[in-house]
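# Structural description and commentary
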Amino acid sequence: MAHFAKLGSNGKVIQVLTMDNDKMLNADGVEDELVGQQWLETHNNWPAQMWIQTSYNTSSNQHKNGGTPFRGNYAGIGYEWDEDNQIFWPKKPYASWVKNTTTAGWDSPIGDAPALTAEQESQNTADTHTWVYEWNEANQSWDLTDLKA
Amino acid sequence: MQKKVLSEQALYYGDVAMPKDWDIDRDKLSGDILQSVIQNKDFPFSKTWDILNTYMRDHVGLEYGVNLVNKKTWGNIYKPAETTIPLLNIDPVDLCNSPDFTLLYGVKVKDCMVRIHYEDNRRKGRSWDIPLKNNMFIMFPSTNMYYITNNQKDSLNFVQTITYEYI
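Residues numbered from 1 in each chain as written. Chains lettered and ligands numbered in written order. Predicted model: local features only at pLDDT ≥ 70, side-chain atom pairs only at ≥ 80, totals over all residues. Heavy atoms only, no water.

### A look at the overall build of chain A
As a reminder, the rule being used: Each helix is a run of DSSP H or I of at least 4 residues and each strand a run of E of at least 2, with the numbering of both proceeding from the N terminus. Both definitions apply: the radius of gyration is a C-alpha atom measure, and the globule rule equals 2.2 Å times residues to the power 0.38. Exposure is judged per residue with a 1.4 Å probe applied to protein chains only, and the accessible area is read against the type maximum: over 50% gives exposed, under 20% gives buried, and values in between give partly exposed. In this analysis, two residues are considered to be in contact whenever any of their non-hydrogen atoms come within 4.5 Å of each other. Computed with the Shrake-Rupley method and a 1.4 Å probe, the accessible areas treat only the protein chains shown as cover for residues.
Looking only at helices and strands, chain A features 2 helices and 11 strands. Ordered by position from the N terminus, the helices and strands of chain A form the series β-β-α-β-β-β-β-β-β-β-α-β-β. Scaling as 2.2 N^0.38, a compact globule of 149 residues should have a C-alpha radius of gyration of about 15 Å, whereas chain A reaches 20 Å, well beyond that. Along the three orthogonal principal directions, the C-alpha set of chain A runs to about 60 × 30 × 25 Å. Split into buried and exposed, the 149 residues of chain A put 35% on the buried side. At a minimum sequence separation of 6, the contacts of chain A that also span at least 24 residues come to 34%. Taken as a whole, chain A presents about 8500 Å² of accessible surface, with 48% of it coming from carbon and sulfur.

### Here we look at helix H1 (residues 26–38) of chain B
Residue and element names in this part refer to chain B. Keep this limit in mind: Given a helix with a known number of residues, its expected span is that number minus one, times 1.5 Å. Taking the helix axis as origin, the arc is that swept by the directions to the C-beta atoms.
Its 13 residues place the ends of H1 18 Å apart at the C-alpha level, agreeing with the 18 Å of an ideal helix rising 1.5 Å per residue. Looking only at H1, the buried set comprises Leu 29, Ser 30, Asp 32, Ile 33 and Ser 36. One face of H1 carries all of its buried residues, which in axial projection span an arc of 160 degrees. Among the exposed residues of H1, those pointing more than 90 degrees away from its buried face are Asp 27 and Ile 38.

### What about the interface of chain A and chain B?
Condition: Values labelled buried area give the accessible surface lost by two parts on being combined, using a 1.4 Å probe and summing over both. Salt-bridge detection follows one rule: a side-chain nitrogen of Lys or Arg within 4 Å of a carboxyl oxygen of Asp or Glu. Throughout this description, a polar contact denotes any pair of N or O atoms lying within 3.5 Å of each other; where both atoms belong to protein, one of them has to be capable of donating a hydrogen while the other can accept it, and for residues adjacent in sequence the pair is counted only when both atoms sit in side chains.
If you look at the interface, chain A gives 13 residues, while chain B gives 12 residues. Of all residues in chain A, Ile14(A), Asn45(A) and Trp46(A) bury the most surface against chain B, accounting for 48% of the area lost on that side. Taken together, the links from chain A to chain B amount to 1 salt bridge. For Lys6(A), the salt bridge identified is with Asp58(B), shortest N-O distance 2.6 Å. Here chain A is connected to chain B by 4 residue pairs in polar contact (both at pLDDT 80 or more). With 3 residues, strand S2 (residues 13–19) of chain A is the largest single contributor of residues to the side of chain A that touches chain B.

### Quick look at the sheet that holds strand S4 (residues 112–120) of chain B
All names here are of chain B. Test applied: At least two DSSP bridges between two strands are required for those strands to pair. All axes are obtained by fitting lines to C-alpha atoms, using only the stretch in contact for helices, and the reported angles, taken between N-to-C directions, cover 0 to 180 degrees.
Here 3 strands make up an open sheet; going across it, the order is S5-S4-S7 and the pairing antiparallel. Strands at the two margins of the open sheet, each flanked by one partner only, are strand S5 (123–132) and strand S7 (146–150). In this sheet, neighbouring strand axes are inclined to one another by 20 degrees on average, regardless of whether the strands run parallel or antiparallel.

### A short note on the confidence of the model for chain B
Cut-off, in case you're wondering: The quantity called pLDDT is the predictor's confidence in a given residue, expressed from 0 to 100.
Averaged over every residue, the pLDDT of chain B is 96; the share at 70 or more is 100%. In the model output, the complex is listed with pTM 0.86 alongside ipTM 0.78.

### A word on the sheet that holds strand S8 (residues 157–166) of chain B
All names here are of chain B. One open sheet holds the 5 strands; their spatial order is S1-S6-S3-S8-S2, and the pairing between them is antiparallel. Since the sheet does not close on itself, it has two edges, and those belong to strand S1 (12–15) and strand S2 (68–78), each with one partner. Taken pair by pair, the neighbouring strands of this sheet meet at an average axis angle of 15 degrees, ignoring direction. Packed onto the sheet, H1 meets S2, strand S3 (101–108) and S8 and runs at close to 110 degrees relative to S3.

### Quick word on the pairing of S2(A)
By the bridge criterion, 6 bridges tie strand S1 (residues 2–7) of chain A to S2(A) in an arrangement that is antiparallel. Counterpart to Ala2(A) in the pairing with S2(A) is Met19(A).

### Observations regarding the packing of aromatic side chains
Residue and element names in this part refer to chain A. Cut-off, in case you're wondering: A pair of aromatic rings is counted whenever rings of Phe, Tyr or Trp (Trp by its six-membered ring) have centres within 6.5 Å, and the orientation is called stacked for planes under 30 degrees apart, edge-to-face for over 60 and tilted otherwise. Here, a charge over a ring means that NZ of Lys or CZ of Arg falls within 6 Å of the ring centre while also lying within 35 degrees of the ring normal.
Inspection of every chain in the model, using the stated rule, returns 14 aromatic pairs over all chains. A centroid spacing of 5.6 Å and a plane angle of 50 degrees characterise the contact between Trp 89 and Trp 106, whose relative ring orientation is tilted. A residue pair is termed long-range when its members are at least 10 positions apart, and Trp 89 in strand S7 (residues 87–89) and Trp 106 in strand S9 (residues 105–107) qualify at 17 residues. As far as burial versus exposure is concerned, Trp 89 and Trp 106 are alike and both buried. Ring pairing ties together the aromatic residues Tyr 94, Trp 97, Trp 135 and Trp 142, which thus form one cluster. Positioned above the aromatic ring of Trp 46, the side-chain terminus of Lys 6 is 4.8 Å from the ring centre. The ring of Tyr 56 has Lys 64 sitting right over it, with the charged end atom 5.2 Å from the ring centre.

Below you can see the structure in the form of structure tokens.
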């Protein structure tokens, strides 16, 4: 099965469709995105160049089965297509976060959340607390929160 | 102090912004409306209508998370200086099979005005006027009564209506 994302005029993904691989075979019997795009234009009434193939098994620029990742993430409705970087970007979680083209994800301006301490981890395991770091956009910081509190 | 909105009457409107060179073929739609009205037949399915309908369903779903399912579609021709009778697309005694939303699309219109009636709790009988232009859509709850007026004296107005329920 092949998957194609339908793009709106603003580059946002409107819909994701599945199609048989044999619908995108070229004259040499090789899968060709252009053939799939043309097929979708004919049968789904939307310009060929606004159908972009996406990989069901790619997430955070990694292939689930160890293969070659394709276009960063499996496209979802509302994702944004970045033609320059060939990546489908999920929605930006916070205004200050920046793109990371290596992981095809969004990073906070101060990096990842700190790791939990061993004590916090053990309390989480014991289910007495649920310690997590949550992003505080106003203070631009990672705040430690106990969800059970 | 907290607030909970129990229901809302949302109206969606704007232009159908198709990709370049993929504009809705409004000549085709107006021809189909004319044919269906003259012959008193159902509005025919066409590729053009499907493009319009798919655009609406896709974009309303994307922007507002409202998933639409088609109920009915038809086209109307309004004579110069004509104002319709009050229009209501639900059946008050069969709400189960009535649509949730009514979509009006300006196929070939000039000086066309839509008046949508609504109630604001204790304030009854309110209305909202919006001009319907070519290639523009207005979508509102089918429980709202509305009128369409052709405000000029020279030409016919062609309006496509599509009703939807949401899931």
